[in-house]
Amino acid sequence: MSEYALVVKNLRKSYGGVTAVDGISFAIRRGTIFCLVGPNGAGKTTTMEIIEGLKAPDSGEIRLLDMALPSELARAKQLMGIQLQTTSLFERLKVGEIVNLFRSFYDRPVPANQLLSSVSLDSKANQMVAELSGGQQQRLAVALALVNDPEILFLDEPTAGLDPQARHEVWRLVQSIKHNGKTVFLTTHYMDEAERLSDEVAIIDHGKIIAHDAPRNLVARLNKANVIEFSIGEDVAPECFSRLRDVEAINIVGRNVVLYTADIKACMLGLLNLARELGIDLMDMQFRNPSLEDVFLELTGRMLRD
Ligand code: ATP
């Protein structure tokens, strides 16, 4: 048995003139959480849908749980859990009814009460799907993907549009699924989500994987100690910040300035003096540790954040 739940080699897919997936390769170890993170249109959904058998690749190799795809898709499907978009849930059904509908598709489904309690929805069995909050609907969608007790779970943007509390609940759920021994493949365009959840993350941009490792390794490789971030008005020339000392690197994206420094005190003093001298306002100032967001910025010169 391979140590990898999924191995993808040189996957390609174009739609007419648009190359959505441009020769990507990656592997996911069994029992881990792997995250494909990237901006809108980077190719995340296309990659996931090819592996799920919903789209045909132009070329490439896929092995899922030691089976070749798409040729062994029917057998592989028994061991895959695929989360549907919440918009495709049947809103007029009760939670218990939709769970039993999905259970009826399999020979040996997980008991309904066990499924609902695994996503903390036991008390909602008699409620209509339409009456659930966004976070509860998302957790129901995850429960439905777990109905066949799959070995690998596919989650496409599982927290898109959720408020912070609901996102944290979904994160806890994803971690508990991993602790039950399953492999999780998820896509997101939230860098903090990828950083928090994944054992390994692959950053995808324009259909290519531009970085792949454990999040802490990617951040450590940046070799940056502290981040000072702020925004400036339309009338400020960003070049003025290149005069600052005690700054290791500067990234300027639009009106947003990101400074990396080993000496936060000296850097701040210099920055405040410069701001006073030039009469400029420094807005929305934040101090933080380097993150995956900085890895993306370093690699692409763009920020992923919304
Ligand atoms: P998002 O986060 O917005 O869902 P994504 O990273 O999942 O983005 P994809 O949906 O895989 O990206 O899209 C990758 C590229 O392929 C985009 O340029 C998109 O416009 C294009 N694309 C996706 N599906 C189709 C399609 N059915 N026909 C034509 N082009 C498509």
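Just so it is clear, the model here is predicted, and its values are computed rather than measured.

Thresholds applied
- Residues numbered from 1 in each chain as written.
- Predicted model: local features only at pLDDT ≥ 70, side-chain atom pairs only at ≥ 80, totals over all residues.
- Heavy atoms only, no water.
- Helix = DSSP H or I, 4+ residues; strand = E, 2+ residues; numbered from the N terminus.
- Buried < 20%, exposed > 50% of the residue type's maximum accessible area, 1.4 Å probe, protein only.
- Contact = heavy atoms within 4.5 Å.
- Areas by Shrake-Rupley, 256 points an atom, 1.4 Å probe, with all protein chains shown as cover.
- Lys, Arg positive; Asp, Glu negative; His and termini not counted.
- Charge placed at Lys NZ, Arg CZ, Asp CG, Glu CD.
- Expected span 1.5 Å × (residues − 1).
- Core = buried A, V, L, I, M, F, W, Y, C linked by side-chain atoms within 4.5 Å.
- Near = heavy atom within 4 Å.
- Polar contact = N/O pair within 3.5 Å; in protein donor to acceptor, adjacent residues only side chain to side chain.
- Nonpolar A, V, L, I, M, F, W, Y, C, P; charged D, E, K, R; others polar.
- Domains from an automatic or database assignment.
- Disulfide = S-S within 2.5 Å.
- Pairing = 2+ DSSP bridges.
- Axes fitted to C-alpha atoms, helices over the stretch in contact; angles between N-to-C directions.
- Phe/Tyr/Trp six-rings, centres within 6.5 Å; stacked < 30°, edge-to-face > 60°.
- Lys NZ or Arg CZ within 6 Å of the ring centre and 35° of its normal.

Notes on the overall build of the protein
The helix and strand tally for the protein stands at 10 helices and 14 strands. Projecting the C-alpha coordinates of the protein onto the three principal axes gives extents of approximately 75 × 45 × 35 Å. Across the 306 residues in the protein, those meeting the buried criterion constitute 48%. Across the protein, contacts joining residues at least 24 apart in sequence account for 69% of those joining residues at least 6 apart. For the protein, the computed accessible surface area is about 14,800 Å², with 48% contributed by carbon and sulfur atoms. Taken as two groups, the 33 positive and 40 negative side-chain charges of the protein have centres that lie 4 Å from each other.

Some remarks on helix 5 (residues 134–145)
An ideal rise of 1.5 Å per residue puts 16 Å on 12 residues; helix 5 measures up with 17 Å between its terminal C-alpha atoms. Burial of helix 5 is extensive: 11 of the 12 residues sit out of reach of the surface. What helix 5 keeps buried is the set Gly 135, Gln 136, Gln 137, Gln 138, Arg 139, Leu 140, Ala 141, Val 142, Ala 143, Leu 144 and Ala 145. Buried-residue contacts for helix 5 involve strand 6 (80–82), helix 3 (95–103), helix 4 (112–118), strand 7 (152–156) and helix 6 (164–179).

Brief notes about the nonpolar core
The biggest cluster of nonpolar side chains holds 46 residues, and the ones touching the most others in it are Val 37, Leu 140, Val 174, Leu 186 and Leu 292. Counting residues per element, this core draws most heavily on helix 6, at six residues. In contact with Leu 140, other than residues within four places in its own chain, are Leu 89, Val 95, Ile 98, Val 99, Leu 121, Val 129 and Leu 132. Core analysis: the next-biggest nonpolar cluster, separate from the first, contains 28 residues, Leu 36, Ile 152, Phe 154 and Ile 204 among them.

A few points about the site of the ligand
Looking at the ligand, the residues that line it are Tyr 15, Val 18, Ala 20, Pro 39, Asn 40, Gly 41, Ala 42, Gly 43, Lys 44, Thr 45, Thr 46 and Glu 157. Ala 42 has a polar backbone atom sitting 3.0 Å from an oxygen atom of the ligand. Thr 45 is positioned with one of its side-chain polar atoms (N or O) 2.7 Å from an oxygen atom of the ligand. For the ligand, whose unbound accessible area comes to 630 Å², protein coverage reaches 60%. Grouping the amino acids of the shell around the ligand by side-chain chemistry returns five nonpolar, five polar and two charged.

Observations concerning the domain arrangement of the protein
If you check the domain split of the protein, you get domain 1 (4–219) and domain 2 (224–289). Look at where the C-alpha atoms of domain 1 and domain 2 centre, and you get two points 39 Å apart.

Re the state of the cysteines
Here the structure, examined in full by the defined rule, presents zero disulfides. As a non-bridged cysteine, Cys 267 has Cys 240 as the owner of its nearest cysteine sulfur, 13 Å distant.

Focus on the sheet that holds strand 10 (residues 208–213)
Taken in spatial order, the six strands make up an open sheet running 6-7-8-3-9-10, and their pairing is mixed. The strands lining the two open edges of the sheet, one partner per strand, are strand 6 and strand 10. Pairs of neighbouring strands in the sheet enclose a mean axial angle of 15°, with direction left out of account. In this sheet, strand 7 lies alongside strand 6 in parallel orientation, the contact comprising three bridges. Its bridge partner being in strand 7, Met 80 is matched across the sheet by Ile 152.

So, the packing of aromatic side chains
Overall, the coordinates contain six aromatic pairs when judged by the stated rule. Both rings, one in Phe 26 and one in Phe 34, keep their centres 4.9 Å apart while their planes meet at 5°; by these two values the pair is stacked. The buried category is assigned to Phe 34, whose relative accessible area is 1%. Of the aromatic side chains, those joined through ring pairs into one cluster are Phe 26, Phe 34, Phe 154 and Phe 185. Above the ring of Tyr 190, the side-chain terminus of Arg 167 is found at 4.2 Å from the ring centroid.

Focus on the sheet that holds strand 1 (residues 4–15)
Strand order in the open sheet formed by four strands is 2-1-4-5, with antiparallel pairing between adjacent strands. The open sheet has two free edges, formed respectively by strand 2 (18–29) and strand 5 (67–69), since each of these has just one partner strand. Adjacent strand axes in the sheet meet at a mean angle of 20° when their direction is disregarded. As judged from the five bridges shared by strand 1 and strand 4 (residues 59–64), these two strands associate in the antiparallel manner. Across the sheet, the residue bridging to Val 8 is Ile 62, located in strand 4. Of the strands in this sheet, strand 1, strand 2, strand 4 and strand 5 are in contact with helix 1 (residues 44–51), which crosses strand 1 at around 120°.

A few points about the pairing of strand 3 (residues 33–37)
Remark: a regular strand shows side chains that alternate across the two faces of the sheet. Burial runs high along strand 3: five of the five residues are buried. Here strand 3 shows a buried face lined by Ile 33, Cys 35 and Val 37 and a second buried face lined by Phe 34 and Leu 36. Bridge count between strand 3 and strand 8 (residues 183–188): five bridges; the pairing is parallel. In the strand pairing of strand 8, Leu 36 is matched with Thr 187. In the sheet, strand 3 pairs with strand 9 (residues 200–205) via four bridges, with the strands oriented parallel.

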